[in-house]
Amino acid sequence: MIHTPKNLKLSKKALQVSSNSTSHTAGNIIFGPVLSRRFGYSLGVDLSPMRKQCNFDCVYCELHKAKPIESMEEILPPEQILLAITNAIKQYNRIDVLTFTATGEPTLYPYLYELISQTKSILPRHIKTLILSNGSNFRAKQAALKLFDIVKFSLDSVLVQEFKKIDRPSKTLNLAQILESIQEFARIYQGELVAEVLLVEGHNDTKENLIAIAQFLRNIRISRVDLGTIDRPSAYQVRPLTQEKLQWASQFFAGLPVTLPTRKMSAIQKSVNTKDSICSTTHNTSQSTTTSQTITSQPNDYDQETLLKLIATRPIEREEAPILFSTTTLKTLEYLLKSGAISIKTQGNNVFYTTAESISGKYQ
């Protein structure tokens, strides 16, 4: 059952910011649904659809390069986001997760608590709430984060030099304080806490860093560790780890619930009712098992602007397109490709639709 949202009770400051903010359509705020290898059928909520606003400038970011900022400078009214969510859930009520992210860092959004509180009250019970964070702002947003069913944070390094090299954080951020705030949150959080460790060749893949990350994670209550490397086009010219080196890296996480995801998209039948089995290898001490998740595809219609926004936010693998998009949208995709609005880019063994460099800033 989908409920009509109640009016958000905002402070005078919030109301003033809301009245001065630029209006954005639901097509900019909501993106997807997309197939997530780890969470199922995911509908995204972009808390910063205007432009990239982040306190990191990670070398592997799927968005464009941008100087780190300490707080959001353009703020979307929370009631506008809630309205977009309400309308989207009516259209996409078979999704598994509603994923709060941003063209940047979602915990920089100043009204996150008000937004997630109201969102939880209108969601059908089968839809979980998920936030994807870089983990830098857990202490300030602890109350809001506690309300999410799943909190996923990045942990690329616990060593200062490698942290600065790979995440390129704002100069005001202190790694020791970030780690301390994650530990504090892990002690009180009752939901599913997931850590993502993304390894980049020559940046954070040293034995010293891997041992240190694993030791940190062993000391907190963690539901899962997603260990991976670059598999989508990134902002900087950096290289992913080979599958062999990624397997080597996983040995340092013995005893932790670690997943090493692999793409199995070539096995998918390209039909609207296809069920997609997305597999990942789970390592726990010396044993490994293969798990799969069944996702019912729901091809969707997108106009040109919304399709460009989706691809700018999340590059789409070529073999995912027939599952995610309707026949009409596939024709739009082909038109955008021929016109140069989007382009094809290869990352490792995968081929992606991505926005052309000349227009990417407009949609990112």
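Bear in mind the structure is a predicted one, so any value in this text is a computation, not a measurement.

Each value, and the rule that gives it
Residues numbered from 1 in each chain as written. Predicted model: local features only at pLDDT ≥ 70, side-chain atom pairs only at ≥ 80, totals over all residues. Heavy atoms only, no water. Helix = DSSP H or I, 4+ residues; strand = E, 2+ residues; numbered from the N terminus. Buried < 20%, exposed > 50% of the residue type's maximum accessible area, 1.4 Å probe, protein only. Contact = heavy atoms within 4.5 Å. Areas by Shrake-Rupley, 256 points an atom, 1.4 Å probe, with all protein chains shown as cover. Salt bridge = Lys/Arg side-chain N within 4 Å of Asp/Glu carboxyl O. Pairing = 2+ DSSP bridges. Right-handed = clockwise from strand over helix to strand, strands pointing away. pLDDT = per-residue confidence, 0-100. Phe/Tyr/Trp six-rings, centres within 6.5 Å; stacked < 30°, edge-to-face > 60°. Polar contact = N/O pair within 3.5 Å; in protein donor to acceptor, adjacent residues only side chain to side chain. Core = buried A, V, L, I, M, F, W, Y, C linked by side-chain atoms within 4.5 Å.

(A) Structural detail: the overall build of the protein chain. A count of helices and strands for the protein chain gives 13 helices and 13 strands. The buried share of the protein chain, taken over its 364 residues, is 57%. The long-range share in the protein chain, meaning contacts at least 24 apart out of those at least 6 apart in sequence, stands at 74%. When the accessible surface of the protein chain is summed, it comes to about 16,500 Å², and 47% of that surface belongs to carbon and sulfur atoms.

(B) Broad picture of the pattern of salt bridges. Applying the stated rule across the entire model yields 15 salt bridges. Across the pair aspartate 226 and arginine 38 runs a salt bridge whose closest N-O atoms are separated by 3.3 Å. In this pair, aspartate 226 is assigned in strand β7 (residues 224–229) and arginine 38 in the loop between β1 (30–36) and β2 (40–46), connecting sequence segments 188 residues apart. For the pair shown, aspartate 226 and arginine 38 are each scored as buried.

(C) Here's a closer look at unusual backbone geometry. In the segment running from glycine 32 into proline 33, the intervening peptide bond is cis, with an omega of 5°. Locating proline 33 in the fold gives a position in strand β1. Positive phi values are uncommon outside glycine, yet arginine 168 reaches one of about 45°. Residue placement: arginine 168 occurs in the loop between α6 (160–167) and α7 (175–188).

(D) Geometry of the pairing of strand β3 (residues 97–101). Burial within β3 is extensive, with five of its five residues counted as buried. Residue alternation in β3 divides its side chains into two sets, Val97, Thr99 and Thr101 and Leu98 and Phe100, and both sets are buried. Sheet topology places β2 next to β3; five bridges connect them, and they run parallel. In the strand pairing of β3, serine 42 is matched with valine 97. One crossover worth recording links β2 to the parallel β3 by way of helix α3 (residues 78–91), and it is right-handed. Sheet topology note: the β3/strand β4 (residues 128–133) ladder contains four bridges and is parallel. Looking across to β4, one finds that threonine 99 is bridged to leucine 130.

(E) Structural view of the confidence of the model for the protein chain. Across the protein chain, the average pLDDT comes to 80, with 77% of residues at 70 or higher. Looking over the protein chain, one finds the lowest element-wise mean pLDDT in strand β9 (residues 275–284), namely 33, and the highest in helix α5 (residues 142–145), namely 98. Per-residue pLDDT stays below 50 along residues 1–7; that stretch engages in 16 contacts with residues further than four places along the chain or on separate chains. Note that pLDDT drops below 50 for residues 9–23; the model gives that stretch 19 contacts with residues more than four away or on any other chain.

(F) Inspection of the packing of aromatic side chains at higher detail. Evaluated as defined, the whole model comprises eight aromatic pairs. Their ring planes at 75° and their centres at 5.8 Å tell us that phenylalanine 138 and phenylalanine 153 sit as a pair that is edge-to-face. Placement of phenylalanine 138 in the loop between β4 and α5 and of phenylalanine 153 in strand β5 (residues 150–154) is noted, with a sequence separation of 15 residues between them. Judged by relative accessible area, which is 0%, phenylalanine 153 ranks as buried. Of the residues examined, phenylalanine 138 reaches a relative accessible area of 0% and is grouped as buried. Members of the aromatic cluster, joined through ring pairs, are Phe138, Phe153, Phe185 and Tyr189.

(G) Representation of the side chain of lysine 141 in the model. Along the chain, lysine 141 turns up in the loop between β4 and α5. At a separation of 2.7 Å, a polar atom in the side chain of lysine 141 contacts the main-chain carbonyl oxygen of threonine 107. Discounting chain neighbours no more than four positions away, the residues touching lysine 141 are Thr107, Leu108, Tyr109 and Pro110.

(H) The nonpolar core, seen in detail. Residues Leu98, Phe100, Phe153, Leu217 and Phe253 are the most contacted members of the largest nonpolar core, which totals 100 residues. The contact partners of phenylalanine 100, leaving out residues within four places of it in the chain, are Val45, Leu47, Ile85, Pro106, Leu115, Ile116, Thr119, Leu130, Ile131, Leu132 and Phe148. In this structure, Phe39, Val97, Ile150 and Val194 belong to the second largest nonpolar core, which totals five residues.

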